[in-house]
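Coordinate inspection notes
What follows is the residue order along each chain.
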Amino acid sequence: MRVELVQGDITTMRDVDAVVTAANSRLRGGSGVNGAVHAAAGPRLLEASTMLAPCPVGQAVVTPGFDLAPVSWVVHAVGPDARRVGVRPDLLAAAYQAALARADEVGAQSVAFPSISTGVYGYPEDEAAQVSVTAVRAAQTQVELVRLIAYSECSLRLWQAALADDEEVR
Ligand code: ADP
């Protein structure tokens, strides 16, 4: 699997098979990246996602991408809310790996990820960067390309460092 790092808005990434959103268990829109993905994919996304709710923390569901076309799929991954359950690397890693498992089920080979849990959910971004890279690298998946989307310069630097650390360990 190839892992790329790009700075930008995940809703502008249209050359991937699937876009992951940092969802909540109710699989409703909301703020942050989830609000942006729902706005870009249109109202059919909410209809489709709420039919699959609730989704436990550390799990993920997949729906069509609707107006995000040519992106075929949106994977709704529920990361831990650090304000409620604390910093839980096991649940954060599970959310990344569940997203890849859902991508496999629909045959998506390229997947863009936001930094799950690091916004409203308050997961420390440096730790989340390490956890996400380790989880993605360790996943048993058919996905060929994972593109990490850093929304901020800070997020970009933290993911760069995590990817470099991971290379060193190999
Ligand atoms: P959570 O509730 O899981 O913390 P948020 O959406 O609040 O989810 O934040 C998750 C991460 O997504 C944050 O690092 C935030 O900066 C980033 N983010 C927000 N909007 C976008 C976007 N349009 N594209 C990519 N990343 C985004």
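To keep things clear, this report deals only with the structure shown in the data block.

The rules we used
Residues numbered from 1 in each chain as written. Predicted model: local features only at pLDDT ≥ 70, side-chain atom pairs only at ≥ 80, totals over all residues. Heavy atoms only, no water. Pairing = 2+ DSSP bridges. Helix = DSSP H or I, 4+ residues; strand = E, 2+ residues; numbered from the N terminus. Axes fitted to C-alpha atoms, helices over the stretch in contact; angles between N-to-C directions. Buried < 20%, exposed > 50% of the residue type's maximum accessible area, 1.4 Å probe, protein only. Near = heavy atom within 4 Å. Polar contact = N/O pair within 3.5 Å; in protein donor to acceptor, adjacent residues only side chain to side chain. Areas by Shrake-Rupley, 256 points an atom, 1.4 Å probe, with all protein chains shown as cover. Nonpolar A, V, L, I, M, F, W, Y, C, P; charged D, E, K, R; others polar. Contact = heavy atoms within 4.5 Å. Salt bridge = Lys/Arg side-chain N within 4 Å of Asp/Glu carboxyl O. Arc of directions from axis to C-beta.

Our focus in this paragraph is the sheet that holds strand β2 (residues 18-23). With mixed pairing, the six strands of this open sheet are ordered in space as β1-β6-β5-β2-β4-β3. At either end of the open sheet lies a strand with only one pairing partner, and these are β1 (2-7) and β3 (60-64). Here the strands of the sheet are splayed against their neighbours by 25° on average, with no regard to which way each runs. In this structure, β2 lies alongside strand β4 (residues 73-78), joined through six bridges in parallel fashion.

The alternating pattern of strand β5 (residues 110-113) places Ser110 and Ala112 and Val111 and Phe113 on opposite faces, both of which are buried. Here β5 pairs with strand β6 (residues 145-150) via four bridges, running parallel. Following the sheet pairing, serine 110 is matched in β6 by leucine 145.

Near the ligand, the surroundings consist of 14 residues, among which Asp9, Val33, Thr118, Gly119 and Val120 are the closest. For the ligand, an oxygen atom lies 2.8 Å from a polar atom in the backbone of valine 33. Glycine 119 is positioned such that a nitrogen or oxygen atom in its backbone is 2.8 Å from an oxygen atom of the ligand. Here the ligand loses 89% of its free accessible area of 560 Å² to cover by the protein chains. Examining the composition of the shell around the ligand, we find that three residues originate from one element, helix α1 (residues 32-41), more than from any other. Class assignment of the residues belonging to the shell around the ligand gives a composition of seven nonpolar, six polar and one charged.

Before going further, it helps to examine the side chain of threonine 11. With respect to the element layout, threonine 11 can be found in the loop between β1 and β2. Among the polar contacts listed, one links the side chain of threonine 11 to the side chain of aspartate 9, at a separation of 2.8 Å. Here threonine 11 is in contact with Ala36, Val37, Ala40 and Leu68, once residues within four sequence places are set aside.

Attention now moves to unusual backbone geometry. Alanine 53 connects to proline 54 through a cis peptide bond whose omega is 0°. Following alanine 69, the chain continues into proline 70 via a peptide bond in cis, with omega recorded as 10°. Summarising the element assignment, proline 70 is placed in the loop between β3 and β4. Phi is positive for phenylalanine 66, which is not a glycine, with a value near 45°.

Let us now look at the pattern of salt bridges. If you walk through the whole model with that rule in mind, you get 10 salt bridges. A salt bridge links arginine 88 to aspartate 90, with the nearest nitrogen and oxygen atoms 2.8 Å apart. Overall, arginine 88 belongs to the partly exposed group, its relative accessible area being 33%. Overall, the relative accessible area of 44% leaves aspartate 90 in the partly exposed class.

Residues of α1 that are buried include every one of Asn34, Gly35, Val37, His38 and Ala41, and no others. Along the axis of α1, the buried residues cluster in a sector spanning 165°; they form a single face. The exposed set on the far side of α1, more than 90 degrees from its buried face, consists of Gly32 and Ala39. Along its buried surface, α1 packs onto β2, α2 (43-50) and β4. Where α1 terminates, the next one or two residues include glycine 42, which has phi positive at roughly 90°.

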